[in-house]
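Descriptive analysis of the structure
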Amino acid sequence: MKKILMLWAFPMLLFAAYVGNEKEFISKISSLITIGDRKGARRVSFLTRELYPDSKPVLSLYVRSLANDGYLKEALSLLPPISSDKEVRVYFPVLEAIGWNYLLYEEGISSVSNIASLLGAYRTQDARCVHLLLKKLDSTNAYDRHLAVKLSMAYRDLPLRKKILTMLSEEKNYFVKLMLLEAVGAMEIKEAEGFLRTVVSSTSKTTDERCVAIKSLVALSDKPQEKEILDLHKSSKTSMRELCISLITHFEMKEHAQLLIKSLKDRHHNVRAKALLGLVMLDVDKKDLLPLLPKIKAMMEKDKVEVSVIASIVLTSLDVEKGQAAFAKNLLSEDQERARFASRAVGNVGKALHPVILDCYHKSKDQIVQANLALAMLGKDIDDFVAVKYLSRFLKEYSGKIMMKGEHSPLFVGVDESSAGHIPYIQNYPSLVDSMTRLQLLSKLSILEVDGVEESMRAFLKNRMWRVSSSAAILMLEESRLEDIEVLKNLLADKDPEVRLQAALVLAFYGNDKSTCPVLEETYDKVDWEKRVMILEAMGVIGDRKSIPFVLDKMKKETFILQKMAAATLLQCLYH
């Protein structure tokens, strides 16, 4: 390449010797880069470097132009040593160009590096991510489109909004369609309101589609007028009546409490459950609820599980003793679904049920029910000692996968057997959910300084977490944060290198703790490919600029996939 360029450049060299100077050439190269003339910028910067071989600004532009034109190996090989924050600032545009062009380069791309590219770009929150997302939204691979839609929710750029809106009516893959229905609500795309209403009222759509559409419609809606509420309430379609109740509850429209009361007679149990929950959340006056006692008792005895349990909550607000008896019956029921749903709800009902929680904890034979009752006991001055002792034993002895499950409302979130399914671009997703749930419970115990919790955490990190990898998984749980991480910090000095590394990864992903970087760097060359992937991802999440020399060193030595992942880490460190 050099010989060809020299033949092309020779006449210009002669001319430049008479009429050019370094400043003018630098200006010319910068202009070519700005207008996107990649080949022109590379050729002129090559010529200029021949004229001014000792100029750092010229070298910087040449490396940058090589990266922009796809000559990534050459760019990396010519990049001057970066060992300080001052040098990072000087060569920032060059490092940025190398990072982005690795992410955008798609020759021989694998699914792992594809995910790394998307996530690395997403975390930068840079406008160039929009370009990459648009490309992936057009992908023939449904997995790519699904992840791109998920990531697009963090952006409000007009091209993405238009693309999401277009895909809403054209997408064929069911799981991508569900994600699109969620995205239009999250991105507040008002133009999608008519389409969402069609989905909600359609008899050919699945329950999941209608539920997601209702949630997005509520997010998009302004406070509805009385006529709209009444029309929805009178609709012959169940989903429209559900939408009516969701709007009343979301906008706290107490003036429509009577419609909620009327909905208790609805023919569909979902509408009845939402109506009951609406009465609880709106804190409707007791005098309006007292005439409903016979109806509420009937619903407790004969209705579906969720309706029956929520009816018990309403009853507790009207008659404490009868509410306590109803909840005790639910919690000790031989119907596993009923007992577990009640155990997830009981902790949010109030002090009236504290005696029931303790009594049913001792009487229940269901480990999941006992775990939720133990969680309800924590911090409520019921019996913290009993609660933490049981939760410690539960985490050691319960061998099945668990998750935090919630239905109808954030009020009803608690432990249950995992129903997490496979997600195409997240390796071992059910195991990830199980591990994260256990980690959160251990975190709660560490706050209470339970004896032996550090050893329990150590055993957990050594035996359970290695199966879980991929920063895509972290993305799915990015709102999860550990309540206490001091016990993990102690394990950074553990004698076992596996425990040290796993503690560092958890602290990085869930605590953004910079103190983990030395452990991550020290371990990198001693572990296999999969763990190197996790280390690079963890360093990207932390985003410490002091990690840039390490990351660049790995980019120069690693295979293309790990180079691409290191590039994602590099950008996150630059922008953090």
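All figures in this text were calculated on a predicted structure; none of them were measured in a lab.

1. Details of the overall build of the protein chain
The secondary structure content of the protein chain amounts to 35 helices and two strands. Long-range pairs, those at least 24 residues apart, make up 66% of the contacts in the protein chain with a sequence separation of at least 6. Total accessible area computed for the protein chain in this model is approximately 26,700 Å², and 52% of it derives from carbon and sulfur atoms.

2. Quick look at the pattern of salt bridges
Evaluation of the coordinates by the stated rule reveals 33 salt bridges. The residue E522 makes a salt bridge to R500 at a minimum N-O spacing of 3.7 Å. In this pair, E522 is assigned in helix α32 (residues 517–524) and R500 in helix α31 (residues 497–511), connecting sequence segments 22 residues apart. What you see here is one network of salt bridges that share partners, running through R340, R344, D366, K405, D416 and E417.

3. Some remarks on the confidence of the model for the protein chain
On average, residues of the protein chain carry a pLDDT of 86, and 89% of them reach 70 or more. pLDDT under 50 marks residues 468–479. Its contacts with residues more than four places away, or in other chains, come to 35 contacts.

4. Focus on helix α7 (residues 92–104)
A rise of 1.5 Å per residue sets the reference length of α7, with its 13 residues, at 18 Å; its end C-alpha atoms lie 18 Å apart and thus fit the reference within 8%. By the criterion of burial, α7 is predominantly enclosed, with eleven of the 13 residues buried. Among the residues making up α7, those that are buried are F92, V94, L95, E96, A97, I98, G99, W100, N101, Y102 and L103.

5. A look at unusual backbone geometry
Phi at E188 takes a positive value of approximately 55°, unusual for a residue other than glycine. Within the secondary structure layout, E188 lies in the loop between α12 (174–186) and α13 (193–201). Phi is positive for D283, close to 50°, though the residue is something other than glycine. Here D283 lies in the loop between α18 (269–281) and α19 (286–289).

6. Quick word on the environment of P57
Note on placement: P57 falls in helix α4 (residues 56–68). Along the primary structure P57 and Y91 are separated by 34 residues, whereas in three dimensions their C-alpha atoms are 9.2 Å apart.

7. Concerning the nonpolar core
Generally speaking, soluble globular proteins have nonpolar side chains that are buried together. The biggest cluster of nonpolar side chains holds 187 residues, and the ones touching the most others in it are I98 and M555. Top contributing element to this core by residue count: α31, with ten residues. If we skip the residues at most four places from it in the chain, I98 touches V63, A67, L72, A75, L76, L79 and M555. Counting eight residues, the second-largest nonpolar core is a separate cluster that includes F25, V44, L47 and L61.

8. Observations concerning the packing of aromatic side chains
Applying the stated criterion across every chain, the model contains nine aromatic pairs. Arranged with centres 5.7 Å apart and planes meeting at 80°, the rings of Y361 and Y390 form a pair that is edge-to-face. With a gap of 29 residues between them, Y361 in helix α24 (residues 354–363) and Y390 in helix α26 (residues 384–397) connect regions that are remote in the sequence. Here the aromatic cluster, defined as three or more aromatic residues joined through ring pairs, consists of Y361, Y390, F394 and Y398.

9. A short note on helix α35 (residues 560–575)
If you check α35, its first and last C-alpha atoms are 23 Å apart, about what 16 residues at 1.5 Å a residue would give, namely 22 Å. The element α35 is largely enclosed, with a buried count of 13 among its 16 residues.

10. Overview of the packing of helix α33 (residues 529–542) against α35
Across the interface, α33 lies against α35 with an axial gap of 7 Å and an inter-helix angle of 15°. In terms of orientation, α33 and α35 fall into the roughly parallel class. Considering only the axes of α33 and α35, their crossing is left-handed. Contacts between α33 and α35 involve W529, R532, V533, L536, E537, M539, G540 and V541 on the former and, on the latter, I561, L562, M565, A566, T569, Q572 and C573. A per-class count over the contact of α33 with α35 returns ten nonpolar, three polar and two charged.

11. Overview of the side chain of S308
Tracing the backbone through its elements, the reader meets S308 in helix α21 (residues 305–318). By relative accessible area, S308 is classed as buried at 1%. Within polar-contact distance, the side chain of S308 engages the backbone oxygen of M300 at 2.6 Å. With residues near it in sequence (within four places) discarded, S308 still touches M299, M300, D303, N330 and R338.

12. What to know about the environment of Y361
Y361 sits in the buried class, given a relative accessible area of 7%. In contact with Y361, other than residues within four places in its own chain, are Q370, L373, M377, V386 and Y390.

13. Structural notes on the packing of helix α15 (residues 226–234) against helix α16 (residues 238–250)
As a packed pair, α15 and α16 sit with axes 7 Å apart at the nearest point and diverge in direction by 140°. Considered as vectors, α15 and α16 are oriented oblique to each other. Between α15 and α16 the crossing geometry is left-handed. Taking contact as the criterion, the partners of I229, L232 and H233 in α15 are, on α16, M240, R241, L243, C244, L247 and I248. Here the contact of α15 with α16 is built from residues that sort into seven nonpolar, one polar and one charged.

14. Side note on the side chain of K554
Mapping K554 onto the fold places it in helix α34 (residues 548–557). Not counting the four nearest positions on each side in its chain, K554 is found in contact with Y524 and D525.

15. Re the environment of K295
One can find K295 in helix α20 (residues 293–302). For K295 and K265, which are 30 residues apart along the polypeptide, the C-alpha to C-alpha distance reads 8.8 Å. Each residue touching K295, except ones within four places of it in the same chain, is listed here: L264 and K265.

Criteria and cut-off values
Residues numbered from 1 in each chain as written. Predicted model: local features only at pLDDT ≥ 70, side-chain atom pairs only at ≥ 80, totals over all residues. Heavy atoms only, no water. Helix = DSSP H or I, 4+ residues; strand = E, 2+ residues; numbered from the N terminus. Contact = heavy atoms within 4.5 Å. Areas by Shrake-Rupley, 256 points an atom, 1.4 Å probe, with all protein chains shown as cover. Salt bridge = Lys/Arg side-chain N within 4 Å of Asp/Glu carboxyl O. pLDDT = per-residue confidence, 0-100. Expected span 1.5 Å × (residues − 1). Buried < 20%, exposed > 50% of the residue type's maximum accessible area, 1.4 Å probe, protein only. Core = buried A, V, L, I, M, F, W, Y, C linked by side-chain atoms within 4.5 Å. Phe/Tyr/Trp six-rings, centres within 6.5 Å; stacked < 30°, edge-to-face > 60°. Axes fitted to C-alpha atoms, helices over the stretch in contact; angles between N-to-C directions. Parallel < 35°, antiparallel > 145°, perpendicular 65-115°, else oblique. Left-handed = near helix turned anticlockwise from the far one by under 90°. Nonpolar A, V, L, I, M, F, W, Y, C, P; charged D, E, K, R; others polar. Polar contact = N/O pair within 3.5 Å; in protein donor to acceptor, adjacent residues only side chain to side chain.

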